[in-house]
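A structural walkthrough
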Amino acid sequence: MLKLALPLRLHLSLVIVVGTALLQYNAWLCLGIYGAIALVWAVFLRVPIPQLAGILGIELIFLSFMALPMGWERASFLLLRSLICLVTMNSFLLTLPPHSFAIALKSLPVPAPIKANLLLTGQYLEILLDEVTRMQRSAQLRGLNGKPAWLRYTNAAMIGALYLRSLDRAERVYAAMVIRGYNGQLPVEAIFKPKQRFLVLFACTLASGLTISSYNLVRVF
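Residues numbered from 1 in each chain as written. Predicted model: local features only at pLDDT ≥ 70, side-chain atom pairs only at ≥ 80, totals over all residues. Heavy atoms only, no water.

**As for the overall build of the protein chain**
The criterion, for reference: Numbering of helices and strands runs from the N terminus; a helix is a DSSP stretch of H or I covering at least four residues, while a strand is a stretch of E covering at least two. Any residue under 20% of the maximum accessible area for its type is buried, any over 50% is exposed, and the rest in between are partly exposed; the area is computed with a 1.4 Å probe on protein chains only. Here, two residues are considered to be in contact whenever any of their heavy atoms come within 4.5 Å of each other. Reported accessibility uses the Shrake-Rupley method at a 1.4 Å probe radius. Residues are deemed covered only where the shown protein chains occlude them.
The helix and strand inventory of the protein chain stands at 8 helices and 0 strands. The order of α-helices and β-strands along the protein chain, N terminus first, is α-α-α-α-α-α-α-α. The buried share among the 221 residues of the protein chain stands at 32%. Counting only contacts in the protein chain whose residues sit at least 6 apart along the sequence, the fraction spanning at least 24 positions is 82%. Total accessible area on the protein chain is roughly 14,400 Å²; 70% of this is exposed by carbon and sulfur atoms.

Spelled out as structure tokens, the structure:
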């Protein structure tokens, strides 16, 4: 199967999301086309279906509370449009290798401080999750499998220790990055090759034509 570079995956995902978000209301035909494209994109990236379904379920529950007061017809269109955008971006995020989101982000015209913050945030979240797993395993080995009330007290008491341990480890990781030459800039280049530029341009043209045609279709019908 054809392998796409991370910056190219990000650009193509954004093209699908922006094109879908700008669709004219009630343009069901164009929305269905974007839905098919999003499904093909998810299959192409080989996204893990259980993880994708779990994330989409949580996100759609939150969105339904915001959309349902607008009326059933309008809410159904907005929810389906949001679902297509979420499928596209979650497929991209779930198939990213570790520590690679900032590399893909470098291809976008985003200020350097934002890129650095996203990189360090991703590092800290991974450290936090790793510390949670280690503390849970340590508690199980010590036999902390008693009553739920005791477990709730234990978990609440461990939050402070978790914060201190993860913060200390994050400082050590950042110090190691600085020693290895990190100065806020990623030592990678995200320059598209001619074929990749043509693919992005083709996707933008196709999405622009489909989105613009949605306004004409709604006026006709």
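**Here we look at the nonpolar core**
Where we set the bar: Each nonpolar core is a collection of buried residues, namely Ala, Val, Leu, Ile, Met, Phe, Trp, Tyr and Cys, held together in the definition by side-chain atoms within 4.5 Å.
The biggest cluster of nonpolar side chains holds 26 residues, and the ones touching the most others in it are Leu 8, Leu 12, Tyr 34 and Trp 41. Counting residues per element, the ones that place at least two in this core are helix H1 (6–21), helix H2 (28–45), helix H3 (49–67), helix H4 (72–94) and helix H8 (194–220). Per element, the largest residue contribution to this core is 7 residues, and it comes from H2. For Leu 12, the residues in contact, after removing those within four places along its chain, are Leu 4, Trp 41, Leu 199, Val 200 and Ala 203.

**Structural notes on the environment of Ile 212**
Take Ile 212: it is sitting in helix H8. It is 9.2 Å that separates the C-alpha atoms of Ile 212 and Gly 19, two residues lying 193 residues apart in sequence.

**Section: the packing of H3 against H4**
Under the convention used in this document: Inter-axis angles, ranging from 0 to 180 degrees, are taken between N-to-C directions of lines fitted to C-alpha atoms, where helices are fitted over the stretch in contact. Here is the rule for handedness: rotate from the far helix to the near one, and if that takes an anticlockwise turn smaller than a right angle the crossing is left-handed, while a clockwise turn gives right-handed. Residue polarity is assigned by list, with Asp, Glu, Lys and Arg as charged and Ala, Val, Leu, Ile, Met, Phe, Trp, Tyr, Cys and Pro as nonpolar; anything else, Gly included, falls into the polar class.
Packing of H3 against H4 leaves a shortest axis separation of 10 Å and a crossing angle of 150°. For the crossing formed where H3 meets H4, the hand is right-handed. Within the contact between the two elements, H3 uses Gln 51, Leu 52, Ile 55, Leu 56, Glu 59, Leu 60, Leu 63, Ser 64 and Ala 67 and H4 uses Ala 75, Leu 79, Ser 82, Leu 83, Leu 86, Val 87, Asn 90, Ser 91 and Leu 94. Of the residues that constitute the contact of H3 with H4, the class distribution is 12 nonpolar, 5 polar and 1 charged.

**Points about the side chain of Ser 91**
How we decide: In the analysis that follows, any N or O atom pair within 3.5 Å is treated as a polar contact, provided that within protein one partner can donate a hydrogen and the other can accept it, and provided that, for residues neighboring in sequence, both atoms belong to side chains.
Here Ser 91 shows up in helix H4. Only 2.5 Å separates the side chain of Ser 91 from the backbone oxygen of Val 87, close enough to count as a polar contact. Setting aside residues no more than four positions away along its own chain, Ser 91 makes contact with Ala 42, Leu 45, Val 47, Leu 52 and Leu 86.

**Considering the confidence of the model for the protein chain**
Filter applied, for reference: The pLDDT value expresses, per residue, how confident the predictor is, ranging between 0 and 100.
Residues at a pLDDT of 70 or more form 72% of the protein chain, whose mean pLDDT is 77. Considering each helix and strand of the protein chain separately, the mean pLDDT is smallest for helix H7 (residues 148–179), with a value of 66, and largest for H2, with 92.

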